[in-house]
Each structure stands twice: as C-alpha cells, then as structure tokens.
Amino acid sequence: MARIKSIILAGGSGTRLWPLSREMYPKQFLKFGSTSLFQETVLRCLEVSDISEIFVVTNEAQKFFVIGQIKEIGYSIPAENVLIEPEGKNTLPAIFFGMKEIEKKFGKSIVGVFSSDHVLDIAAMKTISSAEKLTSDYLVTFGVVPVFPHTGYGYIKISEVCGPGYRVSDFREKPDLETAEKYIQEGCLWNSGMFLFETGLFFEEVKKHTPSVFACFENGKDINEIYAEVERISIDYGIMEKSDRVAVVKLDQKWSDLGNFEAIYDEFEKDSVGNAIHECDPLMLNSAGNLVYSKCGKIVSLIDVKDMVIVDTSDALLICPKSSSQKVKEIVTELKVRKDERAYIGQTVYRPWGSYTLLEASPEHKIKNITVLPDHKLSLQLHYHRSEHWVVVKGMACVEVSGQQFFLRPGESTFISAGERHRLSNPGKIPLEIIEVQLGELVDEADIIRFDDVYGRN
C-alpha cells in the first residue's frame, strides 16, 4: 500500500491568541510543553508519511520557523517541500498549491491535509489512514464526534454509510447554543478541517466547481503571478459544499482547534477550584475557573476573580472573561489600525539564526539579549546611524569587524562603530548568548545594510 503524502497548512496570522501569538509568531509555533503545535503536527504526519513526503505551505516570514522547528525534533525537510505563498488567499489556493507540487514530485497520490495549529490524539492517524479506500470515489473529510454543543465549530450532517464513512448531507455554519444542541441530537459531527484527497479527483472537482482557481494554476505562470490572480476562497466554499462526491469519516479521538483562550483553558490542567495556571507563581483568594498565563516571573495574585483570562507578557496584558476570548482578534485589528508593531511582534523576535529579546529601549538606545544557535551566523552588515557594544554572557562568539576575525568568551566584550562591517556567529556546540547595547540617532531594523546572508535575506 502506497504511503499517504501530507500537506501541513502553516500560514496563520496569530490573531486569536494575542498577546501570546503575534502575526510574526503565530500560535502553531507556540510551545505549551516541550514541543509546539506545529511540531506535534509534523510528528503525527510521520505516522503516515516519510519526511520527504511532507509538504508545508507557509509564507516567507514563517519559512525559517518551519525549517528550524522540524530540525529541532530531529528531521530535515527537503527545501522544495517548503512552499511559500506570496500572500494568504485562504485554504483552497494553499491546498491546490500543495497538491500540484506533490503530483509534480510523486505523480498520482493520496494526500492528507492538516492544519498546523490543532490538538489531535496521534491515534487518530490510524483512522485517517484507513480512509484511503474511499479516496478513489470521494473527497474525504473527517468529523469529530462532539462531546458538548460547541458554538465555535462548523458541523457536518451525515447520511448513508459508505465503506468506513458516510456520505455528507450538508455542511453547517457555526451555530448558536440552541442550534448546536439540535445538531448533536441529529448526529452531526464537528467539522475538523482535515481532509484526504486523491490528486486526480481533487483536481477534477476543483475544475468543475471553482474553474477560476483551476485555470490560475494551469496557465504556466510562476507562483507570484498565480497568487496575484487567484481568488481568496476556502476549501469548504470552493468545493466541499458544492461537490456531490464528499464522504466523512468519524474521529472519536480528542481534537481541538485551540481557536481561543477558552479552548486553551480546556487543554490545561486545573487546580482543585478550576484555575489553569501556566508559567507563573499564583496566589489565589476566592478565585476559581481562571486561565492565568504569565511569562514575566511575577507573582500573580487574584482576589474574588472568577472565569477570567489573564495573559501577561513583557509588552502586553490581556484581561477578559473566558466567554469573551473570541473577541481578542478585534484588539489585534485595532492595533493594526494604529500601526502598532505589537500586533506583529513581541519583545522576543525570532530569526533563522536564533532570537533576540528587547530588554530596554528609547529613541536613542536599545538593549537586547541575543541568542545565536550553534553553527549559525548573522548577516555581514553595517549600520550608518548606530554603534553596538557586545558582551558575551554564555558560549563562544566569533566576531568579524572590518575584515578582522576574533573570538570572545563569557565576560569579554567588543565595540563596533557606526559604518563598520561586522558579523556575529556561533562556532560552538551550545547556544551563544550576548547582551547588545545599541546607541545612535536611529536604532531600528531599517538601519541594516546586508552584504552577505546565508539565509538569502536582502
């Protein structure tokens, strides 16, 4: 039996779990334990696919998260399997992009499509794999058996049995509570947004029901030209709700799309009165049913507080009732209207070579804690408007300044004047950590002139 190929959709915008996630660091890359949601998705896909058969559809800003987090769990994905969308156009173009690349590399294939930010019991992959026999006749989706009347999920109405699944009667939008209860009584399933397609049937149904999308990918243009023309449309609206060749297979395993902080609360362990506490030192008086997430090393004290979300990061604080957590994206929208960079990035910014955390800033200075991963290096660059002072905290630093190379150990430092070409790299086997002090008339990321970059950045 041929192995299933996998597409992982990993281009999320990070709006629903702000301020934990940001547009430049969306929720699929967050770690609520030792691994991120994206890494867990890759590990599940490895149950049915080889690493060479996994394709990730993402964007340029998240490309290095994808590659780096896969390496972190011990695998190396082929570069051509990381597919970069020029812009987000919803799920149908993203899936079509992945399906075309899989067909080009492997020929006719059976392909599983998975979101990168869901929680799913790994045992579900056996059920997904067993649905392969349906793919010659049906577009297969997966419906989760509901455990309560959820108003944040779409529902799937089933009809007659077909093999290991059921024909789909219709797809239903997210309901109110009363309607959700009715759907469950009718035997409806939660729409998981996971699929299993045979490439030939998939292309046939797209051509039939959304011919404009099919035509865009068939005209021989490059991906930038395709995405400039293709419409923004979801897989559900594009073909699943229109086709009469759709089957659904039931999943009895645990699943969640972690769509808001209420869903995060459901996933975390709770104390005896229902408080879910993560990464902080709590002190609770007559407080119950709360989600408290703080990464700032603070004592978090609550008095007479119930059923609230409190999320504290170094640059933002969110407080709201759990029942209102779906409105968080409205905060992000307002931040974008204000052109506030906190919608896009947090105090910690991730780069292909590692990360930096902003410790202090003013218009004339910044202090950063910089971490460079082993065998990684920053670009060869200069700044016209600022100088930099580097102090090594941990590891061995290889420093290049104006063509001269030297090494710095913990406690040692160097000063780089404005206008000097320089580069920092980590030749060691442990992460390099330095403190960088920037001083000058312009201390933002715009004042970087790159001459050489191993990651292909301009």
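In this text, all values refer to a predicted model and were calculated from it rather than measured experimentally.

(A) Focus on the overall build of the chain. Scanning the chain from N- to C-terminus turns up 11 helices and 28 strands. Against the 2.2 N^0.38 benchmark of 23 Å for 458 residues, the chain shows a C-alpha radius of gyration of 24 Å, consistent with a compact globule. By its C-alpha atoms, the chain is 75 × 65 × 40 Å across when sized along the principal axes. A buried classification covers 50% of the 458 residues belonging to the chain. As displayed, the chain offers around 21000 Å² of accessible surface, 51% of which is attributable to carbon and sulfur atoms. One way to put it: in the chain the 52 positive side-chain charges average out to a point 2 Å from where the 66 negative ones average out.

(B) Local environment of the UniProt feature "domain: Nucleotidyl transferase" (unreviewed entry) in the chain. Mapped onto the present numbering, the UniProt feature "domain: Nucleotidyl transferase" (unreviewed entry) falls at residues 5-271. Between the C-alpha atoms that bound residues 5-271 there is a distance of 41 Å. The span itself is 34% helix and 24% strand.

(C) Here's a closer look at the packing of aromatic side chains. Applying the stated criterion across every chain, the model contains 24 aromatic pairs. Relative to Phe 65, the ring of Tyr 25 lies with its centre 5.4 Å away and its plane at 55 degrees, an arrangement referred to as tilted. Placement of Tyr 25 in the loop between β1 (5-9) and α1 (37-45) and of Phe 65 in helix α2 (residues 63-72) is noted, with a sequence separation of 40 residues between them. Ring geometry for Tyr 155 and Tyr 183: centres 5.3 Å apart, planes at 55 degrees, overall tilted. Note that Tyr 155 is positioned in strand β7 (residues 155-162) and Tyr 183 in helix α5 (residues 177-185), a separation of 28 residues in sequence. Here Tyr 155 falls in the buried class, since its relative accessible area comes to 0%. Following the ring pairs from residue to residue traces out a cluster consisting of Phe 96, Phe 97, Phe 195, Phe 197, Phe 202, Phe 203, Phe 214, Phe 217 and Tyr 227.

(D) How the structure looks around the side chain of Ser 192. Looking at the secondary structure, you find Ser 192 in strand β9 (residues 189-198). Among the residues examined, Ser 192 registers a relative accessible area of 2% and is labelled buried. A distance of 2.7 Å separates a polar side-chain atom of Ser 192 from the backbone oxygen of Phe 142. At 3.2 Å, the side chain of Ser 192 and the backbone nitrogen of Met 194 are in polar contact. In this structure, Ser 192 is in contact with His 118, Phe 142, Val 144 and Trp 255, ignoring residues within four places of it in sequence.

(E) Here's a closer look at unusual backbone geometry. Trp 18 connects to Pro 19 through a cis peptide bond whose omega is 10 degrees. Residue placement: Pro 19 occurs in the loop between β1 and α1. Phi is positive for Leu 258, close to 45 degrees, though the residue is something other than glycine. Exposure remark for Leu 258: the relative accessible area of 2% places this residue in the buried category. A positive phi angle is found at Asp 307, which is not glycine, with a value near 55 degrees.

(F) Quick peek at empty space enclosed by the protein. Across all of its chains, the model carries 2 cavities of 30 Å³ or more by this definition. If you add up the space inside the largest cavity, you get close to 210 Å³. Lining the largest cavity are 21 residues, and of these Trp 353, Leu 378, Gln 381, Glu 445 and Ile 448 lie nearest its centre. Elements that contribute at least two residues to the lining of the largest cavity include exactly β20 (365-372), β22 (386-394), β26 (422-425) and β27 (432-440). The residue makeup of the lining of the largest cavity, split by class, is 7 nonpolar, 5 polar and 9 charged. Approximately 50 Å³ is the volume attributed to the second largest cavity. Lining the second largest cavity are Met 24, Tyr 25, Phe 65, Tyr 344, Ile 345, Gly 346, Thr 348, Val 349 and Tyr 350. Ranked by the residues each element gives to the lining of the second largest cavity, the list is headed by strand β18 (residues 348-351), at 3 residues. For the lining of the second largest cavity, a count of residues per class yields 7 nonpolar, 2 polar and no charged.

Rules and cut-offs
- Residues numbered from 1 in each chain as written.
- Predicted model: local features only at pLDDT ≥ 70, side-chain atom pairs only at ≥ 80, totals over all residues.
- Heavy atoms only, no water.
- Helix = DSSP H or I, 4+ residues; strand = E, 2+ residues; numbered from the N terminus.
- Rg over C-alpha atoms; globule rule 2.2 N^0.38 Å.
- Buried < 20%, exposed > 50% of the residue type's maximum accessible area, 1.4 Å probe, protein only.
- Areas by Shrake-Rupley, 256 points an atom, 1.4 Å probe, with all protein chains shown as cover.
- Lys, Arg positive; Asp, Glu negative; His and termini not counted.
- Charge placed at Lys NZ, Arg CZ, Asp CG, Glu CD.
- UniProt positions renumbered as here; feature names shortened; annotations may be inferred.
- Phe/Tyr/Trp six-rings, centres within 6.5 Å; stacked < 30°, edge-to-face > 60°.
- Polar contact = N/O pair within 3.5 Å; in protein donor to acceptor, adjacent residues only side chain to side chain.
- Contact = heavy atoms within 4.5 Å.
- 1 Å grid on protein atoms, 1.4 Å probe; cavity = no way out; pocket = protein on both sides within 12 Å on 5 of 7 lines; lining within 4 Å.
- Points joined across faces, edges and corners; volume = space filled by probe spheres on them.
- Nonpolar A, V, L, I, M, F, W, Y, C, P; charged D, E, K, R; others polar.

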